[in-house]
Amino acid sequence: MPYDDVLAAFDPALGLEVHVELNTASKMFCGCPATFGGEPNAGTCPTCLGLPGAMPVVNGKAVESAIRIGLALNCDIAEWCRFARKNYFYPDMPKNFQTSQYDEPIAFDGWMDVDVDGETFRVEIERAHMEEDTGKSLHVGGATGRIHGADYSLVDYNRAGIPLIEIVTRPILGAGEKAPEVAKAYVSQLRELIVALGVSEARMDQGNLRADVNLSLSPKGSGTLGTRTETKNVNSFRSVERAVRYEMQRHAVILSDGGSILQETRHWHEDTGITTSGREKSDAEDYRYFPEPDLVPVAPSREWVDELRGTLPENPTARRARLQEEWGFSDLDMRDTIGAGALGLVEETIAAGATPQAARKWWLGELARRSNEDGVDLVDLAITPADVARVQALVDDKTVNDKLARQVIEGVLAGEGTPDEVVARRGLAVVSDDGALGAAVDKAISENPDVADKIRDGKHAAAGALIGAVMKEMRGQADAARVRELILEKLA
């Protein structure tokens, strides 16, 4: 169904559950390393494997990170809370239950304001609670990498037990046509906040930050909530936006045809831009939550909470206003930078030595084009803000020009090394030797006598044609300003 038709007939309600994998040194309830990758099942012990008799102990650093996240999201912090067992069978859950928090989360009743095209939407946070991650299933064989059609499956438990904070919003109402953009903006801003707090790498491509997208439609103006679906583990800002839009259109078709929506989890397919059915969604009572008997309650003192409040980074809204003033960006410049998910990248590039204008030019120009072509978010491109700042430095010191700089970026994205290594390997440095440039200028003059005569007659604007010829001869590696000087000297 066309998107405009969906909006004419239905009101969307949106909810987001974002899982943040914390960067603690050890896991949530044991001393195993909480690191990405590694030999499968090497980072495990009896506790995170759920072996009989193993006793968990709460990771204090994870509790601290949870409190700081809650405070940054304007949440109340519980004076007393407990862990619970969430019971369900999954091959990648070695204990057959997940240690999580149910009715007593550590943080609750918060909010975050997000901006979309100059309009502010308040996203209310229901809760932020602590839990542990699952292991990882690998389905071998088949074409999709999923269990259907696979020859066999393997399980890596290295990730099982890594500390997670799950941040759950209340239904976001009133976003209308901007619902997909609001979802993207919220997850993007939340990631910026998490990175600023220093509690997670928040790399969506590595699963440090994952979003579950809940979506329902109700008849226009009814004020009721429809049946929701939950699209699991969406791992990019772009995909969050696309998943919301697709589910809105899918729900609308079913409801318009007189059907009903099944409350279920769904899988997002990045390659096709669609969702497919996962499993019928369980309600809370189906998980048979009960208090975890092997863990004592968590009771953070008010003094500790106040101390942690003093470690929070700058408020996101105030930070954006400050950066806009410091950088001299117009409202439109800042809006485009935020909309592209480039605010943090531009800030880091400036910190690495680039000017605000140069940083914005690369991230919203050449790199935005590459991210669109590759179908990935800017933050997932294989280039760092420090790399981008170095590319601009090479332009500034005339080692390369803008055209060659694009080839340098291409080489970095292709994994050919640092900007300096790409310049050396590809031989991209601008030629400033007067001997080589003079020979190319002489050739251009001899091949374009009419243009040369115009320059001799004082029509210096015609020099552009000869400069172009020299640049072509030098494969773009000439210093255009020096070439112009040589042309005018020779034809004076």
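This section reports on the structure supplied with the text. Owing to the predicted nature of the structure, the values given are computational and were not obtained by experimental measurement. (Residues numbered from 1 in each chain as written. Predicted model: local features only at pLDDT ≥ 70, side-chain atom pairs only at ≥ 80, totals over all residues. Heavy atoms only, no water.)

1. Some details on the side chain of Arg-127
Looking at the element boundaries, Arg-127 is found in strand 6 (residues 119-132). Comment: no salt bridge for buried Arg-127; closest opposite-charge side chain is Glu-126, at 4.9 Å. Within the structure, the side chain of Arg-127 is placed 3.1 Å from the side chain of His-129, a separation counted as a polar contact. (Helix = DSSP H or I, 4+ residues; strand = E, 2+ residues; numbered from the N terminus. Buried < 20%, exposed > 50% of the residue type's maximum accessible area, 1.4 Å probe, protein only. Lys, Arg positive; Asp, Glu negative; His and termini not counted. Salt bridge = Lys/Arg side-chain N within 4 Å of Asp/Glu carboxyl O. Polar contact = N/O pair within 3.5 Å; in protein donor to acceptor, adjacent residues only side chain to side chain.)

2. Concerning the packing of helix 3 (residues 179-197) against helix 4 (residues 237-256)
Put simply, helix 3 and helix 4 touch, their axes get as near as 8 Å, and they point 155° apart. It follows that helix 3 is roughly antiparallel to helix 4 by the angle criterion. For helix 3 against helix 4, the interelement crossing comes out right-handed. Taken together, the residues of helix 4 that come into contact with helix 3 (itself represented by Ala-179, Pro-180, Glu-181, Ala-183, Lys-184, Val-187, Ser-188 and Arg-191) are Phe-237, Val-240, Glu-241, Val-244, Arg-245 and Met-248. Across the contact of helix 3 with helix 4, the residue classes break down as eight nonpolar, one polar and five charged. (Axes fitted to C-alpha atoms, helices over the stretch in contact; angles between N-to-C directions. Parallel < 35°, antiparallel > 145°, perpendicular 65-115°, else oblique. Left-handed = near helix turned anticlockwise from the far one by under 90°. Contact = heavy atoms within 4.5 Å. Nonpolar A, V, L, I, M, F, W, Y, C, P; charged D, E, K, R; others polar.)

3. Overview of the packing of helix 2 (residues 60-72) against helix 5 (residues 302-309)
Direction vectors running N to C along helix 2 and helix 5 enclose 65°, while the axes themselves pass 10 Å from each other. It follows that helix 2 is roughly perpendicular to helix 5 by the angle criterion. Both helix 2 and helix 5 take part in a crossing whose hand is right-handed. Contacts between helix 2 and helix 5 involve Gly-60, Val-63, Glu-64, Ile-67, Arg-68 and Leu-71 from the first element and Trp-304, Val-305, Leu-308 and Arg-309 from the second. Its residues assigned to classes, the contact of helix 2 with helix 5 comprises six nonpolar, one polar and three charged.

4. Overview of the pairing of strand 13 (residues 274-280)
Relative to strand 13, strand 12 (residues 264-269) is paired through five bridges, and the arrangement is antiparallel. Paired with His-267 across the strands is Thr-276, a residue of strand 13. Here strand 12 hands over to strand 13 after four residues, with Gly-273 in that stretch at a positive phi of 70°. (Pairing = 2+ DSSP bridges.)

5. A closer look at unusual backbone geometry
A positive phi is found at Asn-74, a non-glycine position, where the angle reads about 60°. Turning to its location among the elements, Asn-74 is positioned in the loop between helix 2 and strand 2 (76-77). The phi angle at Asn-96 is positive, at roughly 65°, despite the residue not being glycine. Looking at the secondary structure, you find Asn-96 in the loop between strand 3 (84-87) and strand 4 (97-100).

6. A few points about the packing of aromatic side chains
Going through the model one piece at a time under the given rule, you end up with five aromatic pairs. Taking 5.7 Å as the distance between ring centres and 65° as the angle between the ring planes, the aromatic pair formed by Tyr-88 and Tyr-287 counts as edge-to-face. Of this pair, Tyr-88 sits in the loop between strand 3 and strand 4 while Tyr-287 sits in the loop between strand 13 and strand 14 (290-291); the two residues are 199 residues apart in sequence, bridging distant segments of the chain. The interplanar angle of 5° and the centroid separation of 4.0 Å between the aromatic rings of Tyr-102 and Tyr-289 together place this pair among those described as stacked. With a gap of 187 residues between them, Tyr-102 in the loop between strand 4 and strand 5 (107-116) and Tyr-289 in the loop between strand 13 and strand 14 connect regions that are remote in the sequence. Judged by relative accessible area, which is 35%, Tyr-102 ranks as partly exposed. Three or more aromatic residues joined by ring pairs form one cluster here, namely Tyr-88, Tyr-102, Tyr-287 and Tyr-289. In this structure, Arg-360 is placed above the aromatic ring of Phe-329, and the distance from its NZ or CZ to the ring centre is 5.8 Å. (Phe/Tyr/Trp six-rings, centres within 6.5 Å; stacked < 30°, edge-to-face > 60°. Lys NZ or Arg CZ within 6 Å of the ring centre and 35° of its normal.)

7. A word on the sheet that holds strand 14
Sheet architecture is open: three strands sit in the order 4-3-14, paired in antiparallel fashion. Of all strands in the sheet, those bounded by a partner on one side alone are strand 4 and strand 14. Bridge analysis of strand 3 against strand 4 gives four bridges, and the strand direction is antiparallel. From the neighbouring strand, Arg-85 faces strand 4, where its bridge partner is Thr-99.

8. Quick word on a nonpolar patch on the surface
A cluster of nonpolar side chains, namely Leu-138, Tyr-152 and Leu-154, defines an oily patch on the protein surface of about 310 Å² accessible area. If you trace the backbone, Leu-138 turns up in strand 7 (residues 136-140). (Patch = residues over 30% accessible without salt bridge, like charges linked within 9 Å, V, L, I, M, F, W, Y side chains within 5 Å. Areas by Shrake-Rupley, 256 points an atom, 1.4 Å probe, with all protein chains shown as cover.)

9. Overview of the environment of Thr-99
By the secondary structure assignment, Thr-99 is in strand 4. Residue Thr-99 is classed as buried on the basis of its relative accessible area, which comes to 2%. Once residues within four sequence positions are removed from consideration, Thr-99 is found in contact with Phe-29, Phe-83, Ala-84, Glu-131, Glu-132, Glu-292 and Leu-295. A distance of 3.0 Å separates polar atoms of two side chains, one belonging to Thr-99 and the other to Lys-95.

10. Thoughts on the environment of Glu-192
Here Glu-192 shows up in helix 3. Residues Glu-192 and Pro-40, spaced 152 residues apart in sequence, show a C-alpha to C-alpha distance of 31 Å. Glu-192 has contacts with Arg-319, Arg-320, Leu-343 and Gly-344, leaving out every residue within four places of it along the chain.

11. Structural notes on helix 6 (residues 316-327)
In this model helix 6 runs 16 Å from its N-terminal to its C-terminal C-alpha over 12 residues, within 8% of the 16 Å that 1.5 Å per residue would give. Restricting attention to buried positions, one finds in helix 6 the residues Pro-316, Arg-319, Arg-320, Leu-323, Gln-324 and Trp-327. Buried residues of helix 6, viewed axially, fall in a sector of 130°; they line one side. More than 90 degrees from the buried face of helix 6, the exposed residues found are Thr-317, Glu-325 and Glu-326. Packing partners of the buried residues in helix 6 comprise helix 3, helix 7 (331-339), helix 8 (343-351) and helix 9 (356-364). Of the residues trailing helix 6, Gly-328 is marked for its positive phi of about 75°. (Expected span 1.5 Å × (residues − 1). Arc of directions from axis to C-beta.)

12. With respect to empty space enclosed by the protein
A complete count under the given rule lists three cavities of 30 Å³ or more for this structure. In this model, the largest cavity occupies a volume close to 80 Å³. Around the largest cavity, the lining residues are Gln-189, Glu-192, Leu-193, Ala-196, Pro-313, Glu-314, Pro-316, Arg-319 and Arg-320. Put simply, the parts of the chain that give the lining of the largest cavity at least two residues each are helix 3 and helix 6. Here the element with the most residues in the lining of the largest cavity is helix 3; it accounts for four residues. Classifying every residue of the lining of the largest cavity gives four nonpolar, one polar and four charged. Estimated volume of the second largest cavity: approximately 50 Å³. Of the residues contributing to the lining of the second largest cavity, the split by class is five nonpolar, two polar and four charged. (1 Å grid on protein atoms, 1.4 Å probe; cavity = no way out; pocket = protein on both sides within 12 Å on 5 of 7 lines; lining within 4 Å. Points joined across faces, edges and corners; volume = space filled by probe spheres on them.)

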